Amino acid sequence: MGAKINVSIVVIAIYSLYYGYMSTARWSAIKRRHLRAKSAKESGDLETLRNSSPEEQFAVLVVGGRFVNPFPEYREQGIFEFIVWKIVEVIRWNPRAGVPRDKALIAELLPLYRPDFEVLFDTDSFIGPGGSDLKTESNPELLPSGNASPIGLTSSVTSAVYYSSDTGSSTNIQLDSSTLADSWTPISQRYVMSARIPAGSHDAHSLSDTSSNTTSSGPHSPTADETATRTIIPTGVPPRDERLTVTWIGQSCIFIQCHGINFLTDPLFCARIINSYIGPKRLRPSPCQLEHLPRIDFVLVSHDHPDHLEEDTIRKIGNSAMWIVPMGLRRYLARKGIYRVAELKWWDKIPLPGKERDGWEIACTPSMHWSGRHLYDSNRTLWCSFLILHNTRPVIFHAGDTGYSAELFTGISQVYGTGCEVALVPCGAYSPRWHLQPQHVDPAECVKIMIDLGAKRLVGVHWATFILSDEHYLEPKQKLEQEAVAVGLQDAVWAAEFGRTIVVPYRSADEAGSGSDDDAVFRLPDARVSGVRRLRALEGRHTLIW
């Protein structure tokens, strides 16, 4: 027994020395950078100022072979603090985060919405056999986004009618999620979706297009009836090249469309974080599965925590999309057979490949967080946020996970400019503050990030998906709305809802013209935000126009 105690003391002592070294080395580097920036401002020398820019002050910092945060607001959190927090969680008597045991009540307070597939697939642009028949079966789990009945979207098999633009023939195809990575890309390249509106049964959880179960082998020309009755994009929705769409799947997983380019952030569709049997469980099911969305062009991964990077979705997407990840994640993805990877460090910027994407870029920007999928690999890989840019102008900001640092986010706007159309920022998982403040912003800090970035709109995400913290599960939405009212930004701030599609009219600066309302910026005492108007729902739909 005595020997075991001695070994334990030695292990604790070694870890304490390591922890002390990491903290001291990090603070020394931060002070050196701060003093360099301060002397540069005092000297006024142009070259010195350039070397003390945000890119230099908040460049990637590595200590002892691990990435560390170069922000003075961050506090190193060791294994001892983590253990204490977990013990407190285990011994609590009251239900965590106030989650009721009544699932029907949770469903009422956290409704699921059917993503607006008509808009996401741009069905007005495509004509195909059976493309207009939107007959669906009722599923009480999902509220409809359009005139179709509520549907269920939980099956791993998709059945749909595809129309070949090359041959004019239609084919009824079954897409099994287990082979999605192999089948998705060639199908998406060879076929144009005529209407991919799934129907479901809440008993069988099936997903199929009931409009047609036949296969046509010969050329097909749409009839007058098909042309007259096909589904069209709802009135009030801008054309595909003049809009952005944001659809929240849960946590920080968001399906984004920019001028027809499809992005998926921090992929996560599973019911539990770790695997199918253990780990925190979703409060509400995913509003859709990967198979139901349009083909993904780019996957943006902010860090490798299991609630931001799901292994099953990695397998499903495979190399059918390009993965854009922070440093260190390329090796992890390579072990999964993924080679279409762009690995970036903070302040790196890459153009999106393809002629049709000229002017579109991805910038990897800093965030204040940490990484690791296990206890032993913490901070072996980098964490980040992302900016989607169009013609050097910020369009969408994806924060991933982050704590708050005023210099960080004003620095991002200093480097890339203000006027970001939509900032997607976490607003939940922030309590207790003594433990989570360095790594997760609260709703007040979420609004501060919007102001620091000079963003036009803020969508709060990363709330009410899993219970990973102590605040009441509905508190993030309530507090975010209160904070927005307090600074006069209630028309520009929105707490995301599961599955609901938000449409943002967007034209590039060249298309909009210098006098466009889209570029008009009014200033509040402590805020910079465009003259956006309150979100409005399309008539008869749950889709929101912002």
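Because the structure is a prediction, the values reported are computed rather than measured.

Rules used in this analysis
- Residues numbered from 1 in each chain as written.
- Predicted model: local features only at pLDDT ≥ 70, side-chain atom pairs only at ≥ 80, totals over all residues.
- Heavy atoms only, no water.
- Salt bridge = Lys/Arg side-chain N within 4 Å of Asp/Glu carboxyl O.
- Helix = DSSP H or I, 4+ residues; strand = E, 2+ residues; numbered from the N terminus.
- Buried < 20%, exposed > 50% of the residue type's maximum accessible area, 1.4 Å probe, protein only.
- Pairing = 2+ DSSP bridges.
- Right-handed = clockwise from strand over helix to strand, strands pointing away.
- Disulfide = S-S within 2.5 Å.
- Core = buried A, V, L, I, M, F, W, Y, C linked by side-chain atoms within 4.5 Å.
- Contact = heavy atoms within 4.5 Å.
- Axes fitted to C-alpha atoms, helices over the stretch in contact; angles between N-to-C directions.

Undergrad: Could you give an account of the pattern of salt bridges, with specific residues and numbers?
TA: If you walk through the whole model with that rule in mind, you get 21 salt bridges. The shortest N-O distance in the salt bridge between Glu-311 and Lys-336 comes to 3.3 Å. A residue pair is termed long-range when its members are at least 10 positions apart, and Glu-311 in helix α9 (residues 311-317) and Lys-336 in the loop between α10 (329-335) and β13 (341-344) qualify at 25 residues. Take Glu-311: its relative accessible area is 42%, and that puts it in the partly exposed class.

Undergrad: Can you explain the pairing of strand β17 (residues 393-398)? Please cite residues and give values.
TA: Two faces, one strand: in a regular strand the side chains alternate between the faces of the sheet. The element β17 is extensively covered by neighbouring structure, given that six of its six residues are classed as buried. The pairing of strand β16 (residues 385-390) with β17 spans five bridges and is antiparallel. Each residue of the ladder has a partner; that of Phe-386, found in β17, is His-398. Count of turn residues in the β16/β17 antiparallel hairpin: two residues, of which Asn-391 carries a positive phi of about 55°. Where β17 and strand β18 (residues 422-426) come together, three bridges link them in parallel fashion. Bridged to His-398 within β18 is Leu-424. The β-α-β motif built from β17, the intervening helix α11 (residues 406-416) and the parallel element β18 has right-handed crossover chirality.

Undergrad: Please set out the sheet that holds strand β25 (residues 544-545) residue by residue, giving values where relevant.
TA: Strands sit in the order β13-β12-β11-β10-β9-β8-β21-β25-β24 across an open sheet of nine strands; the sheet is mixed. Unpaired on one side and paired on the other, β13 and β24 (536-537) mark the two borders of the sheet. Here two bridges tie β24 to β25, and the two strands are oriented antiparallel to one another. In the strand pairing of β25, Arg-536 is matched with Ile-545.

Undergrad: Residue-level account of the state of the cysteines, with values.
TA: Summed over the entire model, instances satisfying the criterion amount to zero disulfides. The structure places no disulfide on Cys-420, whose sulfur is separated from the nearest cysteine sulfur, that of Cys-258, by 9.9 Å. Assessed through its relative accessible area of 2%, Cys-420 is described here as buried.

Undergrad: Describe in detail the nonpolar core, supporting the description with residues and values.
TA: Grouped together as the largest cluster of nonpolar side chains are 85 residues, with contacts concentrated most on Phe-263, Ile-324 and Phe-397. Counting residues per element, this core draws most heavily on helix α13 (residues 443-453), which supplies six residues. Ignoring anything within four residues of it in the chain, the contact list for Phe-263 reads Ile-254, Phe-255, Ile-256, Cys-258, Phe-298, Leu-300, Leu-352, Ile-362 and Ile-388. Judged by nonpolar contacts, the second largest core, of 29 residues, contains Phe-117, Leu-120, Leu-264 and Val-301.

Undergrad: If you had to explain the sheet that holds strand β20 (residues 493-495) to someone new, which residues and values would you point to?
TA: Strand order in the open sheet made by the seven strands is β14-β15-β16-β17-β18-β19-β20, with mixed pairing throughout. Every interior strand has two partners, whereas the edge strands, β14 (349-351) and β20, have only one. Across the sheet, the mean angle from the axis of one strand to that of its neighbour is 25°, orientation sign disregarded. Taken together, the three bridges between strand β19 (residues 458-461) and β20 define a ladder with parallel strand orientation. Its bridge partner being in β20, Leu-458 is matched across the sheet by Val-493. Sheet strands in contact with α11 are β14, β15 (360-365), β16 and β17, and its direction is about 25° off that of β16. Most of the contacts of helix α14 (residues 475-486) go to β20, to which it runs at about 175°, and overall it touches β19 and β20.

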